[in-house]
Amino acid sequence: MRRRHYGLVASFVLMVIAPLVVTMWYLYTVSLDQYASRIGFSVQKEEVGSAVEILGGITELSGSSSSDTDILYEFIQSQQMVREVNDRLDLAAIYQQEGDPVFALASGKPSIEALVAYWHRMVHVSYDSSSKLIEVVVRAFSAEEAHAISQAIYDASSEMINELSAIAREDTTAYAREELDGAIAQLKEARRAMTDFRSRTQIVDPQADVQGRMGLVNTLQGQLAEALIDLDLLRQGATAEDDPRVVQARKRVEVIRDRIADERARFGEGGGGSSELEDYSRLVAQFEDLAVDVKFAEESYVSARGAYDAAVAEAQRKSRYLASYVAPTMPETPEYPQRGVISLLVGVGLFLFWSVATMIFYALRDRK
């Protein structure tokens, strides 16, 4: 062996053997065991057919919603998920371990960004875009803590899906609710205008009031006819004009005629205590306009109420839920860190680095 061979061996020992030994020593003597809890789920969108569809045999059950699954996949890796799990379990207390500075979380009070970065190291999320299935592998330094974090992830994911379902229901019924609110306001305004008209004119129904007054005039005319007949009978009996009975009969006829004239005069004036003299036909026209507005508002309200009830029923028939095909598991054997795999990768990496460095060294030397 020549001198350069001894240098090559020395460099191999320093650059490959020594770092690999240190790495294996740390992995097998210092690093802490890690337990892995697994959970698998997907977002399902259930659409139950209406009664008519059920009778007709047309139903749709459990259709997978890809957009919701994509949202959930990003949510599990987000800062919001880390914050929610941290509020429930205190991730710093779980992941800060003495004696393992490489795989444990750094001591002290970590920021949310540090927790998110460490979360990505300890929580692995895989997503199958074809089947829309999500699988989460959660690592921790004890089996109970790994299981607790998995359960917290499932609970937070379920709450998020429920919120999405509630938002979807609200969006479905929002337009119908706006229409219903508008119909209610229109009905209230129409009824308020009708009440104001009745308070101002002291007339509940002008048409009924007209019929009542016409009936009173007809009654008075009948009484006038009877009084005239009685007066004619008295006159035909050769009774003198100054006879008290004739005088009384004439007064009765005059009183009835005056009453009829008064009623006809009032029929052409504003009714029922109004300070303004309004033509009765205009009152009837105003009342009819208000009655049409009230009827239209009532029909609009009934239509809007039916549309809103239908929208609510449709929203309730469609729901999202988190379907778990693998419940949070309770690990029994530590699977991480994968000491053999890490040692092999470190060894291969160091060997490749040493080989490239050696070739570069000889290439530069040969050029001199």
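It should be emphasised that the depicted structure is a prediction, and the values quoted were computed from it without experimental measurement.

**Overview of the pattern of salt bridges**
Following the criterion strictly, the structure yields seven salt bridges and no others. Residue arginine 38 pairs with glutamate 335 through a salt bridge whose shortest N-O separation is 3.1 Å. Note that arginine 38 is positioned in strand S1 (residues 35–47) and glutamate 335 in the loop between strand S5 (318–326) and helix H11 (339–367), a separation of 297 residues in sequence. Note on glutamate 335: relative accessible area 36%, which makes it partly exposed.

**Remarks on the confidence of the model for the protein chain**
With 82% of its residues at a pLDDT of 70 or more, the protein chain has an overall mean of 81. The low-confidence segment residues 49–66 (pLDDT under 50) makes 26 contacts with residues lying over four places distant or belonging to another chain.

**Side note on the layout of surface pockets**
Of the volumes computed, that of the largest pocket is approximately 160 Å³. For the lining of the largest pocket, the element with the highest residue contribution is H11, accounting for six residues. Considered class by class, the residues forming the lining of the largest pocket number six nonpolar, three polar and two charged.

**Some points on the packing of helix H4 (residues 79–89) against helix H7 (residues 143–201)**
Packed helices, taken two at a time, are described by their axes: the angle between them and the distance between them. Packing of H4 against H7 leaves a shortest axis separation of 10 Å and a crossing angle of 125°. It follows from the interaxial angle that H4 and H7 lie oblique. Like other packed secondary-structure pairs, H4 and H7 cross with a definite hand, here right-handed. When H4 is examined against H7, the residues Met81, Glu84, Val85, Arg88 and Leu89 are found in contact with a partner set consisting of Ala148, Ile149, Ala152, Ile153, Asp155, Ala156, Ser157 and Glu159. In the contact of H4 with H7, the residues fall into eight nonpolar, one polar and four charged.

**Observations concerning the nonpolar core**
Counting 35 residues, the largest nonpolar core has Leu72, Ile76, Tyr95, Trp119, Val136, Ile149 and Ile153 as its most contacted members. Breaking this core down by element, the ones donating at least two residues are S1, helix H3 (66–76), H4, helix H5 (91–95), helix H6 (112–122), strand S3 (123–128), strand S4 (133–140) and H7. Among the elements that take part in this core, H7 stands out by supplying seven residues, more than any other. Not counting residues within four places of it along the chain, the set of residues in contact with isoleucine 76 comprises Phe41, Met81, Trp119, Val125, Ile134, Val136, Ile153 and Ser157. In terms of nonpolar packing, the next biggest core, distinct from the first, is built from eleven residues, Leu220, Leu224, Leu234 and Ile260 among them.

Cut-offs used in this document
Residues numbered from 1 in each chain as written. Predicted model: local features only at pLDDT ≥ 70, side-chain atom pairs only at ≥ 80, totals over all residues. Heavy atoms only, no water. Salt bridge = Lys/Arg side-chain N within 4 Å of Asp/Glu carboxyl O. Helix = DSSP H or I, 4+ residues; strand = E, 2+ residues; numbered from the N terminus. Buried < 20%, exposed > 50% of the residue type's maximum accessible area, 1.4 Å probe, protein only. pLDDT = per-residue confidence, 0-100. Contact = heavy atoms within 4.5 Å. 1 Å grid on protein atoms, 1.4 Å probe; cavity = no way out; pocket = protein on both sides within 12 Å on 5 of 7 lines; lining within 4 Å. Points joined across faces, edges and corners; volume = space filled by probe spheres on them. Nonpolar A, V, L, I, M, F, W, Y, C, P; charged D, E, K, R; others polar. Axes fitted to C-alpha atoms, helices over the stretch in contact; angles between N-to-C directions. Parallel < 35°, antiparallel > 145°, perpendicular 65-115°, else oblique. Left-handed = near helix turned anticlockwise from the far one by under 90°. Core = buried A, V, L, I, M, F, W, Y, C linked by side-chain atoms within 4.5 Å.

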